[in-house]
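Summary of structural features
Here are the chains, one letter per residue:
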Amino acid sequence: MTRSRFLLTGACLLLLTACGDGELPDSPVDGRDTDGLYEPASEDVSGRVIDGYLDKARVWLDLDGDYQYDGGSVDVTVGTNPERTITLAGGEPTAITGAGGVYTLDLSALQLDAAQAADLDWRDYPLVVTVIPGVTEEETDAGNVVQQAAYMMSAPPGVRFVSPLTTLVDARRFLVAGDLDVTTDLGQRLSGINLTGDYVRAGDDRAHAYAQAMARFLAAQFPDDMESALVSSDGKVAPFSTEALRIMRLSYNGYADEVVRAVDDAVGSGGLYSNVDVSSVAIPEVPLDLENPVLLQSLTVSAPDQGVPTGDSALESNASIAAELTFYYSEAGVLQRIDADGCMTPSLTEITRLARVHGRVAELNAQGLDGFYLDYNTSRPYWDDDDVNERLVFDWDSGTASFYSATSCHGSAPSSELGDTPQQVYQLNYNEQGVLQAVTLDGESVTPVGDGYAVDPAYSYTTSGLGGQAMTLEGDVVPCLDAIAGDNQDAARVVSAQQSYRYVGDATGMDDAVVASTGEVTGLKLDWDVRDGRQQLLRRVFFDAAIDTGSLLQWDYDGVRDEDFVDEDQNGLIRQARLAQYQAGHDEWTCGGVHSRLVSSQLYGIVRYQYIRLSDYLADTL
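Our subject in this report is the structure included herewith. Treat the numbers as computed from the prediction; the structure is a model and nothing was measured. (Residues numbered from 1 in each chain as written. Predicted model: local features only at pLDDT ≥ 70, side-chain atom pairs only at ≥ 80, totals over all residues. Heavy atoms only, no water.)

Time to look at the overall build of the protein. Across its full length, the protein holds 10 helices and 31 strands. Each principal axis of the C-alpha atoms in the protein carries an extent, and together these give about 95 × 65 × 45 Å. With 622 residues in all, the protein has 53% of them scored as buried. Relative to all contacts within the protein whose residues are 6 or more apart in sequence, the contacts with residues 24 or more apart total 67%. (Helix = DSSP H or I, 4+ residues; strand = E, 2+ residues; numbered from the N terminus. Buried < 20%, exposed > 50% of the residue type's maximum accessible area, 1.4 Å probe, protein only. Contact = heavy atoms within 4.5 Å.)

Next up on the list: the pairing of strand β17 (residues 335-341). Of all the seven residues making up β17, five are buried; the element is thus mostly covered by neighbouring parts of the structure. Bridging between strand β16 (residues 321-329) and β17 involves six bridges; their strand directions are antiparallel. Paired with Tyr 328 across the two strands is Arg 337, which belongs to β17. Between β16 and β17, which follow one another and run antiparallel, lie five residues, and Gly 333 among them has a positive phi close to 75°. Note: β17 against strand β18 (residues 390-395), four bridges, orientation antiparallel. Pairing of Ile 338 across the sheet is with Leu 392, part of β18. (Pairing = 2+ DSSP bridges.)

Side chains of β18 alternate between two faces, with Glu 390, Leu 392 and Phe 394 buried and Arg 391, Val 393 and Asp 395 left unburied. In terms of strand pairing, β18 meets strand β19 (residues 400-405) through six bridges, oriented antiparallel. By the bridge assignment for β19, Phe 394 is matched with Ala 401. Remark: four residues form the turn of the hairpin made by β18 and β19, two consecutive strands paired antiparallel; Gly 399 in that turn has positive phi of roughly 75°.

Moving on, we come to the state of the cysteines. One pass over the full model with this rule turns up two disulfides. Each sulfur in the disulfide pair Cys 343 and Cys 409 lies 1.8 Å from the other. Across the S-S bond of Cys 343 and Cys 409 the torsion is about 45°, and the bridge reads as right-handed. Here Cys 343 is found in the loop between β17 and α8 (348-356), whereas its partner Cys 409 is found in the loop between β19 and β20 (424-430), with 66 residues between them in sequence. (Disulfide = S-S within 2.5 Å.)

On to the sheet that holds strand β7 (residues 94-96), then. For sheets, the rule is that strands pair by backbone hydrogen bonds, running either parallel or antiparallel. Taken together, four strands build an open sheet; the order of strands is β7-β4-β9-β12 and the sheet is antiparallel. The open sheet is flanked by β7 and β12 (151-155), the only strands paired with a single partner. Taken over all neighbouring pairs, the strand axes of this sheet differ in orientation by 20° on average, direction set aside. By the bridge criterion, three bridges tie strand β4 (residues 58-61) to β7 in an arrangement that is antiparallel. Note on β7: the bridge partner recorded for Trp 60 is Thr 94. (Axes fitted to C-alpha atoms, helices over the stretch in contact; angles between N-to-C directions.)

Only a minority of non-glycine residues have a phi that is not negative, and only a minority of peptide bonds are not trans. Even without a glycine there, the phi angle at His 358 is positive, about 55°. With respect to the element layout, His 358 can be found in the loop between α8 and α9 (376-383). Phi at Asp 532 is positive, roughly 55°, even though this residue is not glycine. Relative to the helices and strands, Asp 532 resides in the loop between β27 (520-529) and β28 (536-542).

To continue, consider the environment of Arg 58. Along the chain, Arg 58 turns up in strand β4. Sequence separation between Arg 58 and Lys 236 is 178 residues, and the spatial gap between their C-alpha atoms is 7.0 Å. Setting aside residues up to four positions removed in sequence, Arg 58 forms contacts with Thr 94, Ala 95, Ile 96, Val 128, Val 129, Thr 130, Ile 132, Asp 234, Gly 235 and Lys 236. At 3.0 Å, the side chain of Arg 58 forms a polar contact with the side chain of Thr 94. (Polar contact = N/O pair within 3.5 Å; in protein donor to acceptor, adjacent residues only side chain to side chain.)

It is worth spelling out helix α10 (residues 614-621) at this point. Residues Leu 614, Ser 615, Tyr 617 and Leu 618 constitute the buried set of α10. Across the axial projection of α10, the buried residues extend over an arc of 160°, all falling on one side. The inward-facing, buried residues of α10 abut α6 (242-267), β15 (294-302), β16 and β31 (603-613). (Arc of directions from axis to C-beta.)

Rendered as structure tokens:
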């Protein structure tokens, strides 16, 4: 295995000499395994755990690369062939740090029978540390301070000191992000600091202040519900999946510059880092969703020219694209904004769905229904310019959603840029318990109805100022699994449950033969597929006089099939949605029936959905 040297690209690291302190054998202060004069004993290895020096922290050599302590047998890859492994019955070498943050790991288990393989070299594996709340103590000039929050640190292979700074180096190794470049903001701020060294012993107050702030950031991102397990196991539990660890490292690497900059700002020009109260420095607060949910990344809207319903093949071509929407999220998977290349029409009902879950779209199961733009002739010219033409920005703390437009799609004069003044501001009204009461805009509102029947993505709601437009669920989802013929059990799309609902809307301009004069349509059923625990909405019927005055309409939803996004916790994701006319007497679906994706000569639009895992999204954006 090749051992890496971690440097600031284009910068000289400060390599400081050391003198023995009687606690740790004389060794290079930069944390490397050797300086040519000191050779570690093959039976053990010693080092330090540092924020300040941390006493009673758990440290182990991570032999299998999962950053979790393996106390029983552990499989270790030998050499560069991942298929060649050996099993060590004694688990990973571990220890509790003592005074001065010193630890010593017994490496005797790495000495192998020559018939198996050559001895394992500890310098080929990272070190991992857990800080145990209520147990681990930081040594300070004023005495030892018990740590109240849990966090994890690590050091790259061959480095004996473990600190928040080595954790940054190891995070970049884990992410294959490369060495820090001195031309970047973070590289410039850390220039001259030995990232793998003992900054306490070297008296480097700047590095110490940075590390203390970084430790606060690490602690803030450690899940609260995992701290008790860490305490009860004496620091041996690190219950994170590979993707959860990736999310944490992406966030740490992505926000390190802000943390360091906050310390620099607190010092000010000409100040001393030793005088900074790091505990009071305002560092970024970045909640994480370590479940790595599937997120809606983008959707593409296709619409017919002149708004006349057209055939399937015409809408499948790129020539029919009217708009593309892109979604942006925080590390917690909370929707921050939607950008439109072309035009979009924010929907009060869709914003209400988002507001119900405070922007955590993964909790919606199906993450997007309608609420986009179907006017090809107006939107397409803006799509052609490849610019962001409209934007919907969510501020969940203040309870607003602001819509910006540089287009003429909504009646205002076009502009060369979005500008700072929103055209519309939606108000998200919550009660003291954080439960959504209504979403309002210019006297119009949508209020979710808690009728006990709602199964996301469809729910009951009432409106005000929208011509009475509303939807009321009239009962639970009723399965009909027994009605599915044996040879249809494994078909792609089977109506295996239905749910009755009533739709009421503004009947102005509608054909009375289609919609009663009251504007009410009864006898409708939402068509669901609930086989094998899924909750996939297949179709819903409604009317909209702005699209068609002579026919009811239907949205047909085709579920996600990509295995990367088939998730038992989010099993209603939509791959494609098609909007078409609904013909009574022809388009009724019976429970238990098989229905392929809607193919029609009367399509008003096709919407294609693209998804991404949170970890992959963060890797692209941070």
